[in-house]
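# Per-entry structural report
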Amino acid sequence: MRNINVRGAVSTSHHYKSNLRDTFFNLFEFLDIGETSLGKGPFSPMDADTARASLKSLERLATQEIAPSFAPTDREVPQLDGEGNVTLPDALKRAIACWYDGDWHRMGLPEHMGGFGAPPTVFWSGFELLAGANGAVSFYTFGSVIVRVVDALGTEGQKKRFVPRMVDEQWGGAMVLTEPEAGSDVGAARAKAVQAADGHWHITGTKRFITNGDYDVPQNILHLVLARPEGAGAGTKGLSMFLVPKFWVEEDGSVGARNGWTVTKLEKKMGLKASVTCEVEYGGDVPARGLLVGDAHDGIRQMFMVIEQARMAVGVKSMATLSTGYRNALAYAKERVQGADLPQAANKMAPRVTILHHADVRRMMMLQKSHAEGMRALVLFTAHIQDQVALLGGHGAKEAAGLDALNDLLLPLVKGYNSEKAQELLSISLQCFGGSGYVTDFPIEQYMRDQRIDTLYEGTTHIQALDLFFRKVARDGGQTLQGLMGRVRKTLETGEGGDPLKDARAQLGKSLGDVEGIFMNLAGRVGESVHHVGLNANRVLATLAELVIGWLLIRHAALAVEKLPGAEGDDVAFYKGKLASAQFFAKNVLPASALTRTLVEASTLDLMELEEDVFGP
């Protein structure tokens, strides 16, 4: 079925250092998904034992079979064959085959689609393992997202036509939005759609920066394409979404002739080189035939179902990369002997120590540890909200409206904050290695290159920040934000964690006040000019994310305080580490909210009034 004849022995050596213990703490101790999610409604096929066993098996696959492809696929990259097709190197094909041979693409699919019925909490935990092992490989699994969209939005005929074969034969999938001149201004897209006499649509135009738009592994690849039907209005409201396969699919599901789109260019990139980023031309000598999704001209709303999944995936990828970056740096710091302990530095005869004894290294380690655990907490808390939305009827269900809105509010934090902060902290991982981190003997330099795209993928950080303020907070008058703040306030009122977390809770309370003050200030000034939001939105997003992460870390630590008296073995250090992460984050990260509030309240529009030539010739 797949064009693969390259399965061979793979090395068990790997760069990837997972943290399944922390994942299990989130899932089964803190969120308690065995009681709240598993075995219920659409997740009835999966119980706690199955979820644990699945993630342990996936961890073995990620570390032993997929991770060895990480460096080789950075050196030997996909190629364009001269006929509009993309070919992948064998190491990358082997890694992709590992995923599909184990039927892992079925994990997040519902039972009626032939899936395993895993809730989002379990699915995203598994995605972390894959993305941490090789982020590029994780993007080749996007067909599982595309098929869920077809199943949710397609007509009955479209579902029968595509869904069974996409699942059973592991077809690929890609979301196709960006155009060379439009960029993030999706409403400026020029790709056109003209309805033919047979009812199909012919798509013409050029799309750019299409992730994994073509590759020689699946038998077929389905593009979800935004295009403007003939006669439709300007802007995003005039766009529709079309199903445009590489090989035409007949009404009975059989695969026919090559459709009229080809890859015309592969981008040469800074990192994530194993993931195809291509330019695609639709139309020409052979029409690019497509089907209108759901027979409804509702393209941008429909595409957001894909975009939101992609944004979550990018946030998880960033978190996964920081986590393995930290754990690699920690292993190095425990082994690398250099210098004497600082109080003995003047004593030339003092014993040399590992660098983990040095104060600055410890500071850097705890910055990475607390943020990696905090980002995972944010991801899985958001995924747990998604679990509950599904159990209440799914997106759009009246009973799920409040939680649905909370998920929408959290997504810019997951994508925007995780990607920005991981980039910053991976440079600290590099610093822990010293000069050794700058060479390819260690994976950090590739982590930094491969993760750098995450702040740009699926909307830059500022796009996430504007989305947060205008679409997720202002649109409902701050109601959803107030609900989230109420959850934080409850932790303060109940005194979770007792005396060990007294100081951390006090700082959390101060930061809560700062965040509320920031939003009130901007809401009061947005009438004067929306530039007030534009100038401050990124720091507002970061400050809100850190408040939520600090709150979650304190709640984690409170649970650890309860469990420590009965803990044994490795659990003792794990729970102590939870307490240390929360206390460090509260002392060293949360106080920055006061500075952000000062900056926001003192900001002016002076920058917007400068003449252009002030910036230089």
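Residues take numbers from 1 onward in each chain, read along the sequence in its written order. Reporting of local features is limited, given that this is a predicted model, to residues whose pLDDT is at least 70; pairs of side-chain atoms are given and counted only at 80 or more, and all residues count toward the totals for whole chains, interfaces and linings. Based on all heavy atoms of the structure, the side-chain values leave hydrogens and waters out of the count.

### Some words on the overall build of the protein
- A tally of helices and strands in the protein yields 19 helices and 14 strands.
- Put simply, the radius of gyration uses C-alpha atoms, and a globule should come to 2.2 Å times the residue count raised to 0.38. The C-alpha radius of gyration of the protein comes to 25 Å, within 12% of the 25 Å expected for a compact globule of 617 residues.
- On the principal axes, the C-alpha backbone points of the protein span a range of 80 × 65 × 60 Å.
- Burial analysis of the protein (617 residues in total) assigns 57% to the buried set.
- Pairs at least 24 apart in sequence give 76% of the contacts found in the protein among residues at least 6 apart.
- Residue burial considers only the protein chains on display, and all accessible areas are found by Shrake-Rupley using a 1.4 Å probe. Summed over all atoms, the accessible surface of the protein reaches about 25,500 Å², with 51% contributed by carbon and sulfur.
- Counted charges follow a simple rule, with Lys and Arg positive, Asp and Glu negative, and His plus the chain ends left uncounted. One atom stands in for each charge, and that atom is NZ of Lys, CZ of Arg, CG of Asp or CD of Glu. For the protein, the centre of its 64 positive side-chain charges and the centre of its 73 negative side-chain charges are spaced 4 Å apart. Strands are runs of DSSP state E lasting at least two residues, helices are runs of H or I lasting at least four, and both sets are numbered from the N terminus onward. Three exposure classes are used, based on accessible area relative to the maximum for each residue type with a 1.4 Å probe and protein chains only: buried under 20%, partly exposed in between, and exposed over 50%. We call two residues in contact whenever any of their non-hydrogen atoms come within 4.5 Å of each other.

### Description of the environment of E612
- As for its placement among the helices and strands, E612 is situated in the segment after α19 (592–602).
- With a relative accessible area of 71%, E612 lands in the exposed category.
- A C-alpha to C-alpha distance of 50 Å links E612 and A91, two positions 521 residues apart in sequence.

### Let's talk about the packing of helix α10 (residues 299–335) against helix α12 (residues 401–433)
- At a minimum axis separation of 8 Å, α10 and α12 run at an interaxial angle of 25°. Classified by the angle between their axes, α10 and α12 sit roughly parallel to one another. Between α10 and α12 lies a crossing of left-handed hand. Convention adopted: a line fitted to C-alpha atoms gives each axis, helices being fitted over their contacting stretch, and angles between N-to-C directions are expressed from 0 to 180 degrees. Comment on the angle field: the value is read as roughly parallel under 35 degrees, roughly antiparallel over 145, roughly perpendicular from 65 to 115, and oblique elsewhere. By the definition used in this description, the sense in which the near helix is turned from the far one sets the handedness, with an anticlockwise turn below a right angle giving left-handed and a clockwise turn giving right-handed.

### Digging into the pattern of salt bridges
- Just to be clear on terms, a salt bridge is a Lys or Arg side-chain nitrogen sitting within 4 Å of an Asp or Glu carboxyl oxygen. One pass over the structure, following the stated rule, counts 30 salt bridges.
- In this structure, R21 engages E29 in a salt bridge whose closest nitrogen and oxygen atoms are separated by 3.0 Å.
- Taking the shortest distance from any N to any O, the salt bridge between K207 and E179 comes out at 2.9 Å. A residue pair is termed long-range when its members are at least 10 positions apart, and K207 in strand β5 (residues 201–211) and E179 in the loop between β3 (172–176) and β4 (192–195) qualify at 28 residues.
- Judged by its relative accessible area of 1%, K207 is buried.
- In this structure E179 comes out as buried when scored by relative accessible area, which is 6%.

### Brief notes about the side chain of D514
- Position of D514 relative to the elements: it lies in helix α16 (residues 502–525).
- Once residues lying within four places of it in the same chain are set aside, the contact partners of D514 are S593, A594 and R597.

### Section: the environment of E181
- Along the chain, the position of E181 falls in the loop between β3 and β4.
- For the pair E181 and V530, spaced 349 residues apart in sequence, the C-alpha to C-alpha distance is 25 Å.

### Thoughts on the side chain of T73
- Inspection of the secondary structure assignment puts T73 in helix α4 (residues 72–75).
- At 2.6 Å, the side chain of T73 forms a polar contact with the backbone oxygen of S69.
- A distance of 3.4 Å separates polar atoms of two side chains, one belonging to T73 and the other to N134.
- Setting aside residues no more than four positions away along its own chain, T73 makes contact with A91, L92, N134, K273 and A274. Definition of a polar contact: a pair of N or O atoms within 3.5 Å, with one able to donate and the other able to accept a hydrogen when the atoms are protein atoms, and with sequence-neighbouring residues admitted only if both atoms are side-chain atoms.

### A word on the pairing of strand β6 (residues 221–229)
- Counting buried positions over the 9 residues of β6 gives 9, a clear majority of the element.
- When DSSP finds two or more bridges between two strands, those strands count as paired. Note that β3 and β6 share 5 bridges and pair parallel. By the bridge assignment, M175 is partnered in β6 with L224.
- Bridge analysis of β6 against strand β7 (residues 240–245) gives 6 bridges, and the strand direction is antiparallel. Following the sheet pairing, H223 is matched in β7 by V244.

### Structural notes on the packing of α10 against helix α13 (residues 444–452)
- Contact geometry of α10 with α13 gives a least axis separation of 10 Å together with a crossing angle of 165°. In terms of their interaxial angle, α10 and α13 are classed as roughly antiparallel. Considering only the axes of α10 and α13, their crossing is left-handed. Residues K317, S318, T321, T324, G325 and N328 of α10 form the contact with α13, whose participating residues are I444, Y447, D450 and Q451.
- The nonpolar class holds Ala, Val, Leu, Ile, Met, Phe, Trp, Tyr, Cys and Pro. Asp, Glu, Lys and Arg form the charged class, and all remaining residues, Gly among them, are polar. Among the residues forming the contact of α10 with α13, the class breakdown is 2 nonpolar, 6 polar and 2 charged.

This is a description of form; function is not addressed.
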